[in-house]
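Tertiary structure, described
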Amino acid sequence: MIFGLFDNDYDEDGFRTCGVTGMEIHRTAENHVKVFGLTAVVALLVGGFFSIGVSMTRWELVGLLGSESFYKWLSLHAWNLLIFWMVFMEIAILYVGGPMVLGRRLPITKVAKLGWGTMVTGALVINYAIWTTSAPDQAPLLTSYAPLPSSPYFYAGAIVFILGSVLAALPFFVTLWQEKKWGEGGSLPLVTFGAFATAIIAVEALVGGLIAFVYAFLWRIEFLGSIDAALYRQLFWTIGHGSQQINLVAMVTVWYFLTHVVGGAEVVSEKVSRTAFVFYVFFINLGAAHHLLSDPVVSSGWRIWNASYAFYGATFASLIHAFAIPAGIEAGRRKRGQGGGLFGWLTNAPWSNPVFSATVFSIILFGFVGGITGVVMGQLQLNMTWSRTLATVGHFHGTVALGTTIAFMGLVYFVIRTMFMRDLAFGRLASAQPFLYAGTMTFATLMLMYMGLLYSVPRRIHSVVREIPGSDFSLSAAEPLMMIFGVFALLAIVSGAAFLIVALASLLLGERKVPGADLVPDGGVNFESDEPVHKFEMRGTFVITLIFLAAFLAVYIANWYFLSRLWEIGP
Amino acid sequence: MFETSVVEMLTGVVRQGWRDMLSVYYANTLIWKLLKSGALAFLGVFCWAGGNLFRSYLPGTTFLNYVIAYGALVFFYGPFTHLVIVPLVIRWRRKRGFLNKVARRLSKVNITVFILLVLIVGTYPPGALLLDFDVSSGSGTDINPELACEYNEKTVACELTEAEGVAQVVVTSGGNELVVLQEPPYVFEVSRDVMVESVGQKRFVVELRDEDGSMVRRFSRAVPP
């Protein structure tokens, strides 16, 4: 049954034409996308399982785990969801954006396989190392901050995983090199360009991570007599946050791809969108500096340059994409004759198709929840009220759980339909799942933010709201918000499980069905008009961006006001 | 001439905006209903929690009670309006007679009831809507012990002072239990040889527990070579 998942009808050269995208797809590229995608889903399953223990412990009414187990579960939750689920998907995205979009076979497939095997080995070693952590070692969470020691197997696993990721990315770079050498010339398609930007940012992050973990590993096995903890922190965050920037750029690339393929979007201005990707390459990784804004060893100039000047280059790029992608959907759908009124283009879109709904929820929620809060808390001054609290956890659930994960869920549905050619099982549940997950995870995320901002409830601690042992200080006032969080976290886990059930049932039990009209944007591939896409109205997008601006200003001004009230001058 | 055209443009924008708002309000497809309900629920939480946040800095500001009331009510009333009231209005407007008459006024009645509810709840806010910000009212007592250690060639000697509220002291190294003290004075001496070395340094942990056995403090110390 498993090997049957890799059977499609290819011509004698190993190519087939995709009925949805029209792309010429080679067997080698498709099979590797499937393998990396499936592995990512397994990581999501594992990480999702550990989210049960994490959320049901922080919901202190349940208080599932003790402090030591909690930290292990939290570490496993973090590594499987922030790293393994994401990076396996991102390698799959590189193979879609490279060889698939360019109509080439995947080169050096042995290296791709070796990369996959190495990544899987690294992931297994890390899971084993964290699960078996015992004193004097500490479970690392994501950061494994020195001088707290973690298991040497953990550092070794991290090194192996990173090396595997670099290996797995190589066939993508070779594809681009081949395209430039033997291709027809001209610019790379936008999706390939986005994937290329993703890959450049990924290499920066991975090399930085390799240096950080090799350094820590040599210290842990006592090859080095000591470790400079401040240097380690700087090195770590090149991959610690850099890996999340890979997620961001890969997710934006997926947005362009899926809104076009299943939503009928057109790119309004390729030059503007490409420029935004270039901005990412230059500036996005500097955003990692916000993790060190409260670190005493870096200078104020370093902090201000990275987090309050350079990072706005990346923010500007995100704002460009935030306008360009909805505008592309609006103009593209109006061009297809699908856009009545102010928002008709949006509401008559194929919302029952989970690929489309997941993509659009990812765009909206990443912008409103993860994006705004990222810019606010990434500032030197405002960071003081967010840092070390659950508000930070809320922010990165806004970016990763709401933004990237929902986009990748949409991509998995798309791969199941177009590459595995399986009908989605439990049709109504499949259609509803992005709505359920987006809704429940949004409220869980908002509660995390409010608990952090209203009460400064700390992160990383298993129990603090009901009682802080040995202290008269109490955070019990935060309990109502914690109750709301607990309920919605549980519902979000159930909604995430629904995704896994639909995906796995489709793969293992789903009827084989060649994709067609159910995925093609309504109105088909033909346009109603020959006018260039930028001639069409985008006033709906303009209104949405005005609402976004209003929300941004409200949050921004409110945060500055709250900060200003912390140190009042005068009587 | 110029002034007239500006006025016309502005009235045109306002008129178009009003028409757009009405069309969004009455849009009745499943996805419209879900999007409107979700957006209003989101706005409701934003206003409720945001209003409470401002109230923590500006206690006694009455206006914020109305923001909080609006947020809490719109969280429920928004979805109720767009999932129940608006579909009813549209269905009943197609009928004749009494239901048609009701439908013509139902939206106005609905919004009036909502505004009245906001005014009433904002004026007399129930305690459940207002978050408590008294963060220093814990029932426990502060425990602020101090641990002082002397590192000799072969042993480490420590004393715990200011130990009120501490019922048990447990000393471990590398997970191995070395000393357990059940009553003051909390003084102990441990041989360096029994301590576990990690990354080139011997370490030990002193865990303090209260009468219930709950950990109240934890000191982690590295032993100088």
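Computed from a predicted model, the values in this text were never measured in an experiment.

Looking at the assigned domains, one finds that chain B contains domain 1 (2-129) and domain 2 (146-223). Centre-to-centre, using C-alpha coordinates, domain 1 of chain B lies 61 Å away from domain 2 of chain B.

All right, on to the packing of helix H3 (residues 62-93) of chain B against helix H4 (residues 98-123) of chain B then. All names here are of chain B. Interaxial distance between H3 and H4 falls to 9 Å at its minimum, and their mutual angle equals 170 degrees. Regarding the angle of H3 to H4, the classification is roughly antiparallel. The class makeup of the residues in the contact of H3 with H4 is 19 nonpolar, 7 polar and 2 charged.

The subject of this paragraph is the domain arrangement of chain A. Residue and element names in this part refer to chain A. Assigned domains of chain A: these are domain 1 (28-240) and domain 2 (286-525 + 532-565). On the domain 2 side, the residues contacting the 37 residues of domain 1 number 43 residues. Buried surface at the junction of domain 1 and domain 2, summed over both partners, amounts to about 3400 Å²; 74% is from carbon and sulfur atoms. Applying the counting criterion to the domain 1 and domain 2 interface returns 1 salt bridge. We note a salt bridge from Asp-295 to Arg-233, for which the minimum N-O separation is 2.5 Å. Taken together, domain 1 and domain 2 are joined by 7 residue pairs in polar contact (both at pLDDT 80 or more).

With that settled, consider the interface of chain A and chain B. Between chain A and chain B, the contact holds 40 residues from the first and 42 residues from the second. Both sides together, the interface formed by chain A and chain B hides about 3700 Å², and carbon and sulfur atoms give 70% of it. Its largest share of buried area at the contact with chain B, chain A owes to Leu454(A), Asp472(A) and Phe562(A), together 16% of the area lost on that side. Taken together, the links from chain A to chain B amount to 1 salt bridge. Here Arg539(A) makes a salt bridge to Asp20(B), at a shortest N to O gap of 3.2 Å. Viewed at the interface, chain B and chain A are joined by 6 residue pairs in polar contact (both at pLDDT 80 or more).

We now examine the sheet that holds strand E5 (residues 186-191) of chain B. Residue and element names in this part refer to chain B. The strand order across the open sheet built from 3 strands is E1-E2-E5, with neighbouring strands paired in antiparallel fashion. Each edge of the sheet is formed by a strand with only one pairing partner; in this case those strands are strand E1 (146-151) and E5. In this sheet, adjacent strand axes meet at a mean angle of 15 degrees when their direction is disregarded. Bridge count for E1 against strand E2 (residues 155-161) is 6 bridges, and the pairing is antiparallel. Following the sheet pairing, Tyr-151 is matched in E2 by Val-156.

A word on the state of the cysteines. Residue and element names in this part refer to chain B. Evaluated as defined, the whole model comprises 1 disulfide over all chains. Sulfur-sulfur distance for the disulfide between Cys-149 and Cys-158 comes to 2.1 Å. Torsion about the S-S bond of the Cys-149 and Cys-158 cystine: about 110 degrees, corresponding to right-handed handedness. Of the residues examined, Cys-158 reaches a relative accessible area of 3% and is grouped as buried.

Bringing a nonpolar patch on the surface into the picture now. All names here are of chain A. Taken together, the side chains of Phe-49, Ile-52, Leu-61, Val-62, Leu-64 and Met-483 make up a nonpolar region of the molecular surface, amounting to roughly 500 Å² of accessible area. Among the structural elements, Met-483 can be located in helix H15 (residues 479-509). Among the residues examined, Met-483 registers a relative accessible area of 31% and is labelled partly exposed.

A word on the side chain of His321(A). Here His321(A) lies in helix H9 (residues 300-335). Beyond its immediate stretch of four places on either side in the chain, His321(A) contacts Val252(A), Tyr256(A), Ser273(A), Ala276(A), Phe277(A), Tyr280(A) and Pro326(A).

This next bit is on a positive patch on the surface. All names here are of chain B. Judged by side-chain charge, Arg-93, Lys-101, Arg-104, Arg-105 and Lys-108 come together as a positively charged surface patch. Top contributing element to the positive patch by residue count: H4, with 4 residues. Along the chain, Lys-108 turns up in helix H4. Lys-108 sits in the exposed class, given a relative accessible area of 58%.

Rules behind the numbers
- Residues numbered from 1 in each chain as written.
- Chains lettered and ligands numbered in written order.
- Predicted model: local features only at pLDDT ≥ 70, side-chain atom pairs only at ≥ 80, totals over all residues.
- Heavy atoms only, no water.
- Domains from an automatic or database assignment.
- Axes fitted to C-alpha atoms, helices over the stretch in contact; angles between N-to-C directions.
- Helix = DSSP H or I, 4+ residues; strand = E, 2+ residues; numbered from the N terminus.
- Parallel < 35°, antiparallel > 145°, perpendicular 65-115°, else oblique.
- Nonpolar A, V, L, I, M, F, W, Y, C, P; charged D, E, K, R; others polar.
- Contact = heavy atoms within 4.5 Å.
- Buried area = accessible area lost by both parts, 1.4 Å probe.
- Salt bridge = Lys/Arg side-chain N within 4 Å of Asp/Glu carboxyl O.
- Polar contact = N/O pair within 3.5 Å; in protein donor to acceptor, adjacent residues only side chain to side chain.
- Pairing = 2+ DSSP bridges.
- Disulfide = S-S within 2.5 Å.
- Buried < 20%, exposed > 50% of the residue type's maximum accessible area, 1.4 Å probe, protein only.
- Patch = residues over 30% accessible without salt bridge, like charges linked within 9 Å, V, L, I, M, F, W, Y side chains within 5 Å.
- Areas by Shrake-Rupley, 256 points an atom, 1.4 Å probe, with all protein chains shown as cover.
- Lys, Arg positive; Asp, Glu negative; His and termini not counted.
- Charge placed at Lys NZ, Arg CZ, Asp CG, Glu CD.

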